[in-house]
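Given next are the chains, with one letter for each unit.
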Amino acid sequence: MFNLVMNKIKRNMKALIIFIFVLQAFTHSNATELHESLQVVQLPKGKVKGKVEDNIAFFGGIPYTKAPVGELRWRAPVAVEPWDNIHDATKFGAVCLQPEHNKQFIKYVKNQSEDCLTLNVWTPYGVNKKAVPNMPVMVWIHGGAFVIGSGSFPIYNGTEFAKNGIVLVTINYRLGNLGFFGHPAITTGDNGERTGNFGLLDQIAALKWVQNNISAFGGDKNNVTIFGESAGAVSVNYLMTLPETKGLFHRAIAQSGGGLQIPTDKSISRRRKPSEEERTKDLSGYWKIEGHQIADKLRNLPAKTMLKSNKKIGIGGGPYTDGTLISMTTAKAFSKGLQHDVPYLAGSNSFEGSLMNKIMNDRNPELIFWTFGDKRKAAKKLYTKNGTSAYDASFEFFGDTLFTSGAQFLVEKMEAKQSKGWLYYFSYITHHKRDKAKGVPHGGEIIYVFDTLEKWSDKELSRITDKDNNVSKTIQSYWINFAKKGNPNSTNLADWPEYNKASPITLEFSMDGKVNTIKNFKSEKLEFVTKHLLTKIEY
């Protein structure tokens, strides 16, 4: 069901906007307009010049691989060449090519280019001062259905993390059809690539860049945490299972990434879901690419053509099982103990069903129960048994199916490793929205994790309360503790127990602003959902 929904999202631009811009509707001025104090850092390939404000340095738009253009389109990342001049890193680089959004969001994705593989660094680094060595590093992977988004969005500003001794990195990676494209002409032959999962290869290249460069910014390459939300969290889960990423990071956080989804297969079509080869062949036909030398013709297409498609095909893919980079589902990899033995933290929000509003195209949301086939009546009965209306229950069922059950499943599988897992549930809603909000929407925790509440519009800025700020400080403190030592706990925070079957504890960031530990959280519902989903996937 996850993949059907993802495909629906990609064909529905309104839903796409909801998917990642739930909070960004209220963002305002670019958060990295810093003062004119400059800082130059020597990297292995050349010097970069950033800006410093209040002893926090920002370096933006640093290329971590060659531009994937021309012959390098749909190629594995290639190392960037050394440069002689000082690279201007005082501003963000271009956003990766993605569909245009409405006027409300266009200013954040206006500067688009196929040449977009850059990253950004925030670090405690004063003018004419040396960075404090061996600071923990956190690398953020943005969400957006693998079709939209960027590491430069204002709510991902890393200043507050840097103030707390973290070197914070955000990255861009190829999106949509430029990032995930498994056409046989591209992936086979003497000059073919072994995978079409180029967006994931970009993320791996960025992590390798961190290993080779982050010490220049005061970061400890032996203490790297990857974290992401939505598609970024799905990426985190994949990166946890790939042999190619072993040693590139040392902790992982997946915010609303699920874990029980079924990826598209390279060559096997499923009901309502074409194989990746079938999808991309249809797409090349739509672009009128025929005859011989298909790969060359595809690479010579104007970049913006990649954004054009019909509703049947969709505007972009996502990670798919290619038999080389990705050979099995995330659930199977975790079940077999193939995930990296690093501390793992995951969770979801109280109204992940916010994604369903537009996806259903104004149809009755209760139809979502039909995705469970002959178990649909049992699912509906379970989710309405406490008097909840079928309408409201459908949103909870949606969120549990796509996100909450998967997070719990993957965290539970960490029990077999030496490193452990922690599970959270975020349900805090700012006071002035409680009367209307059904819960915390998909992506609603991000501004609290980054402590970027002030990045709301001026209209919202005046409504931020002390409790809002306290919740933000609390969740960010857990994340920072986790990055520093592989455990979210500290003496000034409520205890967050490791998750295990004998005592399955979920930490809730609750509506009243407190944190609560809940044993057997939603156990009956999540057990039912997980059991059914596992019958549909190979694990």
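See the structure shown above.
Fair warning: this is a prediction, and the values are worked out from it, not measured in the lab. Note that residues are indexed from 1 along each chain, following the sequence as it is written. Local features in this predicted model are restricted to residues of pLDDT 70 or higher, and side-chain atom pairs are both shown and tallied only at a pLDDT of 80 or more, whereas totals for entire chains, interfaces and linings draw on every residue. Where side-chain values are given, they derive from all heavy atoms of the structure, hydrogens and water being excluded.

Visitor: Give a description of the packing of aromatic side chains that names residues and reports values.
Guide: Each pair of aromatic rings taken from Phe, Tyr and Trp, with Trp reduced to its six-membered ring, is defined by centres within 6.5 Å and is described as stacked if the planes are under 30 degrees apart, edge-to-face if over 60, and tilted in the remaining cases. Evaluation of the coordinates by the stated rule reveals 35 aromatic pairs. By way of ring pairs, the aromatic residues Tyr424, Phe426, Tyr428, Tyr448, Tyr478, Trp479, Trp496 and Phe509 are connected into one cluster. Its guanidinium or amino end placed over the ring of Trp370, Arg376 lies 3.8 Å from that ring's centre, counting from NZ or CZ. We call a charge positioned over a ring when the NZ of a Lys or the CZ of an Arg lies within 6 Å of the ring centre and within 35 degrees of the ring normal.

Visitor: An account of the state of the cysteines is requested, with residue identities and associated values reported.
Guide: What counts as a disulfide here is a pair of cysteine sulfur atoms lying within 2.5 Å. Counted under the stated rule, the structure contains one disulfide. Two residues share a disulfide in this structure: Cys96 and Cys116, whose sulfurs sit 2.1 Å from each other. One disulfide, between Cys96 and Cys116, carries an S-S torsion of 90° and so falls in the right-handed class. Highlighted residues: Cys96 in strand S5 (residues 95-96) and Cys116 in the loop between strand S6 (112-113) and strand S7 (118-124), separated in sequence by 20 residues. Like Cys116, Cys96 is buried. Think of it this way: any DSSP run of H or I at least four residues long counts as a helix, any run of E at least two long counts as a strand, and we number them from the N terminus. Relative accessibility thresholds used throughout: buried, under 20% of the residue-type maximum; exposed, over 50%; partly exposed, between the two (1.4 Å probe, protein chains only).

Visitor: Tell me what's going on with unusual backbone geometry, and back it up with residues and numbers.
Guide: For Ser230, which is not glycine, the phi torsion reads 60° and is therefore positive. For Ser230, the position within the fold is in the loop between strand S10 (219-229) and helix H7 (231-239). Judged by its relative accessible area of 3%, Ser230 falls in the buried class. Unusually for a residue other than glycine, Asn520 sits at a positive phi of about 55°. Tracing the backbone shows Asn520 in the loop between strand S17 (515-519) and helix H17 (523-536).

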